[in-house]
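One letter stands for each residue in the lines below.
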Amino acid sequence: MIARLVWFIALAALAVITTALQIDKQSDITPSLAATVPPPLRNYAQTRVTLAALEAGDPAIALAEAEVLVQRRPVPAEYLSLLAIAQARAGQAERAALTIQIAGQRGWREPLAQESVLRLALAAGDKPEAARRYAALMLHSAASNDVLQELGEQVLDEAGGPGRQTMIDIVSAAERWQSRFLRRGQVVIKPDAFAEIIAGSVAQGKAFDCPALEQAVRALARRDQEAARSLAPTIENCRRN
């Protein structure tokens, strides 16, 4: 009798745990379910709980939830990014700076981490590092054009400066994203900076697809005719080659 009772209790406990784990996974799609998952069983739900705590505005609670999240899932860069935000809001600026740098190293294409490291690089006056992070953001579809325009004005503000030169080095060495750079760059980068990066990349041996380059320059002319005219020799050379 006792053995059967223990057996039924064990089955009931297993059913509860299984249901909780299913709800935990579903909370990734339905965030409102996250709070119903028992804290020890939160995995996907912990991310949602952390985001909710950050939005609620209580720094102490948000930091505690973010620390639990990273303890359970220490590898993904996006979770370190959430921890860095919570640390910054809790007044732990030095810890936040270290955490976001680690996040940026782990997740080169994680946009929140890249944007945060970029801003840290700007604050430290490190334009080359800021430009490298800016290039990574340009590759990510989740990075908004508004953010790229805002940051581009700071990273690429100086003609012939280290920010633009770093972008020239990156673009001239890239093999697979020249078309994306042309399409997005002429929208989010200041016209004179965009023209300088293209001309500088070509000078370093970059061979752009001529039709794509001509299309980008035509679009650029609608923003700044002088910047577009400065690329006329580059287009001519592209056509000849």
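Residues numbered from 1 in each chain as written. Predicted model: local features only at pLDDT ≥ 70, side-chain atom pairs only at ≥ 80, totals over all residues. Heavy atoms only, no water.

Asker: Help me out: how do you make sense of the overall build of the protein chain in this one?
Answerer: A tally of regular secondary structure across the protein chain gives 14 helices and zero strands. When the helices and strands of the protein chain are read in sequence order from the N terminus, they spell out α-α-α-α-α-α-α-α-α-α-α-α-α-α. Counting over 241 residues, the protein chain shows a buried share of 41%. The contacts in the protein chain between residues at least 6 apart in sequence include a share of 53% that link residues at least 24 apart. Carbon and sulfur atoms make up 56% of the accessible area of the protein chain, which totals about 13,200 Å². (Helix = DSSP H or I, 4+ residues; strand = E, 2+ residues; numbered from the N terminus. Buried < 20%, exposed > 50% of the residue type's maximum accessible area, 1.4 Å probe, protein only. Contact = heavy atoms within 4.5 Å. Areas by Shrake-Rupley, 256 points an atom, 1.4 Å probe, with all protein chains shown as cover.)

Asker: Would you mind going over the pattern of salt bridges with me for this structure?
Answerer: Where side chains of opposite charge bring their charged atoms close, a pairing between them can arise. One pass over the structure, following the stated rule, counts eight salt bridges. Close ionic contact of arginine 119 with glutamate 150 constitutes a salt bridge, the shortest N to O distance being 3.1 Å. Of this pair, arginine 119 sits in helix α6 (residues 111-123) while glutamate 150 sits in helix α8 (residues 145-155), placing them 31 residues apart in sequence. Overall, the relative accessible area of 37% leaves glutamate 150 in the partly exposed class. Between glutamate 236 and arginine 239 there is a salt bridge; the shortest N-O distance is 3.0 Å. Of this pair, glutamate 236 and arginine 239 both sit in helix α14 (residues 232-240), separated by three residues, roughly a single helical turn. Judged by relative accessible area, glutamate 236 falls into the partly exposed class, the value being 37%. Given a relative accessible area of 52%, arginine 239 falls into the exposed group. (Salt bridge = Lys/Arg side-chain N within 4 Å of Asp/Glu carboxyl O.)

Asker: Looking at this structure, I do not really get the packing of aromatic side chains. What am I missing?
Answerer: Working definition: an aromatic ring pair is given by the centre-to-centre distance plus the angle between the planes. For the structure on display, the rule yields one aromatic pair. Their ring planes at 35° and their centres at 5.5 Å tell us that phenylalanine 181 and phenylalanine 194 sit as a pair that is tilted. Highlighted residues: phenylalanine 181 in helix α10 (residues 178-188) and phenylalanine 194 in helix α11 (residues 191-203), separated in sequence by 13 residues. The burial state of phenylalanine 181 is the same as that of phenylalanine 194; both residues are buried. (Phe/Tyr/Trp six-rings, centres within 6.5 Å; stacked < 30°, edge-to-face > 60°.)

Asker: Quick question: what am I supposed to make of the nonpolar core here?
Answerer: In a soluble, globular protein the nonpolar side chains are often hidden away together inside. Judged by nonpolar contacts, the single largest core of 40 residues is most densely connected at Tyr134, Met167, Phe181, Leu182 and Ile189. With residues up to four places along the chain from it excluded, the contact list for leucine 182 reads Phe194, Ile198, Phe208, Ala212, Leu213 and Ala216. Judged by nonpolar contacts, the second largest core, of 17 residues, contains Ala62, Leu69, Ala77 and Ala84. (Core = buried A, V, L, I, M, F, W, Y, C linked by side-chain atoms within 4.5 Å.)

Asker: Can you walk me through the confidence of the model for the protein chain in this structure?
Answerer: When pLDDT is low, close inspection of the predicted coordinates is not appropriate. Looking at the protein chain, the pLDDT average stands at 78 and 78% of residues meet or exceed 70. Taken together, the stretch residues 10-21 has pLDDT below 50 and engages in five contacts with residues farther than four places along the chain or on a different chain. (pLDDT = per-residue confidence, 0-100.)

Asker: Can you help me understand the packing of helix α7 (residues 127-139) against α8 in this one?
Answerer: A pair of packed helices is characterised by two quantities: the angle between their axes and the separation of those axes. Interhelical geometry of α7 versus α8 gives an angle of 155° and a closest axis separation of 10 Å. In terms of axis orientation, α7 runs roughly antiparallel to α8. Of the two possible hands of crossing, α7 and α8 adopt the one that is left-handed. Facing Lys127, Ala130, Ala131, Tyr134, Leu137 and Met138 of α7, the residues of α8 in contact are Leu148, Leu151, Gly152, Gln154 and Val155. Partitioning the contact of α7 with α8 into residue classes produces eight nonpolar, two polar and one charged. (Axes fitted to C-alpha atoms, helices over the stretch in contact; angles between N-to-C directions. Parallel < 35°, antiparallel > 145°, perpendicular 65-115°, else oblique. Left-handed = near helix turned anticlockwise from the far one by under 90°. Nonpolar A, V, L, I, M, F, W, Y, C, P; charged D, E, K, R; others polar.)

Asker: What should I look at first to understand the environment of leucine 98 in this one?
Answerer: Its location among the elements puts leucine 98 in helix α5 (residues 93-106). Judged by its relative accessible area of 53%, leucine 98 is exposed. For the pair leucine 98 and valine 117, spaced 19 residues apart in sequence, the C-alpha to C-alpha distance is 9.7 Å.

Asker: Just to check I follow, could you spell out α11 for this structure?
Answerer: Helical geometry note: an α-helix holds 3.6 residues per turn, so side chains three or four residues apart project in the same direction. The terminal C-alpha atoms of α11, which comprises 13 residues, lie 18 Å apart, in line with the 18 Å expected from a rise of 1.5 Å per residue. Listing the buried residues of α11 in full gives Pro191, Ala193, Phe194, Ala195, Ile197, Ile198, Gly200 and Ser201. Packed against the buried residues of α11 are α9 (162-173), α10, α12 (210-221), α13 (225-229) and α14. (Expected span 1.5 Å × (residues − 1).)

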